[in-house]
Amino acid sequence: MSLPEPIKFTDGAAYERFMSPWSRSAGTLFLDWLAPHSGLAWVDVGAGNGAFTELLLAKSAPSSVCAIDPSDAQIATARQKISAKQVELSIGDAMALPYDADRFDVAVMALVLFFVPDPRKGASEMVRVTRPGGMVASYTWDIMRGGTPTEPLWEELDAMGKPAARPPSADISRFEALKALWAELGLRDIETRELVVERTFADFDDYWLSMVVSSPAGVLGKLSDTESAELKRRLQARLPASATGEITVHASATAIKGRKAA
């Protein structure tokens, strides 16, 4: 069995089909749980194509948002969608944020921490740039318990001997690992919550385009025509459709928040 190549987020439009609806659903629950005041300064680390940043603007009335991501293509897509004056979009590394210490009221990573090669360094950078008393929070798909929206695809590819790329730091999605990391970094008032969401696709073709064709793992480019047809057959058999042809898929995320010591 060959090892999968790393996941690369280089197509903002494809990512919009693939993950943005999931991000908005989970992000809404996440922001409701954070219950932040309006008028706060935020940093959105790993902002991707801006799906969570847009949600943050709509729901939390921030005074400013610094949204940063390592992908030029993702930030370019975000710039096409977001024109709010209080948003600064930039390209950069989660493990070396280009911001002064104690700058932000809230630091968040939305579906990102398990993609950071060194989660501790990424989280410590969020703590560094957050002011004393400010909030540091994250949510990731619960990969270790099969909570990611891509679980059906991953399992079928595994069964075919064609494993898909997983996030490099999947273990950090566990509640125990998150709580230990937040505590190690000296955060106070630590709380966790499971976020359960679902997404309904119009039919199997909609699912196939959104979750397979648009996958940043480039699934179809690594399969022969025969293998692609087999994958499609397996997924159709696995995912029951309603009487109208709709397919509903569920996912769950592990969320954590804490306060930087004053």
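Note: the structure precedes this text.
Residues numbered from 1 in each chain as written. Predicted model: local features only at pLDDT ≥ 70, side-chain atom pairs only at ≥ 80, totals over all residues. Heavy atoms only, no water.

Caption draft 1: Structural context of the overall build of the protein chain. Secondary structure summary: the protein chain contains 9 helices and 7 strands in total. A compact globule built from 262 residues would reach a C-alpha radius of gyration of about 18 Å, and the protein chain, at 18 Å, matches this within 12%. Taken along the three principal axes of its C-alpha coordinates, the protein chain extends 60 × 35 × 35 Å. The proportion of buried residues among the 262 residues of the protein chain is 52%. At a minimum sequence separation of 6, the contacts of the protein chain that also span at least 24 residues come to 75%. Taken as a whole, the protein chain presents about 11,400 Å² of accessible surface, with 50% of it coming from carbon and sulfur. Charge separation in the protein chain, taken as the distance between the mean sites of 28 positive and 34 negative side-chain charges, equals 3 Å. (Helix = DSSP H or I, 4+ residues; strand = E, 2+ residues; numbered from the N terminus. Rg over C-alpha atoms; globule rule 2.2 N^0.38 Å. Buried < 20%, exposed > 50% of the residue type's maximum accessible area, 1.4 Å probe, protein only. Contact = heavy atoms within 4.5 Å. Areas by Shrake-Rupley, 256 points an atom, 1.4 Å probe, with all protein chains shown as cover. Lys, Arg positive; Asp, Glu negative; His and termini not counted. Charge placed at Lys NZ, Arg CZ, Asp CG, Glu CD.)

Caption draft 2: Representation of the side chain of Lys260. In this fold, Lys260 is placed in the segment after strand S7 (247–259). Lys260 gets classed as buried once you look at its relative accessible area, which sits at 16%. Within polar-contact distance, the side chain of Lys260 engages the backbone oxygen of Arg128 at 3.5 Å. A polar contact of 2.6 Å, which involves the side chain of Lys260, links it to the backbone oxygen of Thr130. Discounting chain neighbours no more than four positions away, the residues touching Lys260 are Asp102, Val127, Arg128, Thr130, Arg131, Pro132, Gly133, Gly134 and Leu187. (Polar contact = N/O pair within 3.5 Å; in protein donor to acceptor, adjacent residues only side chain to side chain.)

Caption draft 3: Quick look at the packing of helix H8 (residues 204–213) against helix H9 (residues 225–238). For the pair H8 and H9, the least separation of the axes is 11 Å and the interaxial angle reads 120 degrees. What the angle tells us is that H8 and H9 run oblique. As for how H8 packs across H9, the hand of that crossing is right-handed. In contact with Phe204, Tyr207, Trp208 and Val212 of H8, H9 contributes Ser228, Leu231, Lys232, Leu235 and Gln236. A class-by-class count of the residues in the contact of H8 with H9 yields 6 nonpolar, 2 polar and 1 charged. (Axes fitted to C-alpha atoms, helices over the stretch in contact; angles between N-to-C directions. Parallel < 35°, antiparallel > 145°, perpendicular 65-115°, else oblique. Left-handed = near helix turned anticlockwise from the far one by under 90°. Nonpolar A, V, L, I, M, F, W, Y, C, P; charged D, E, K, R; others polar.)

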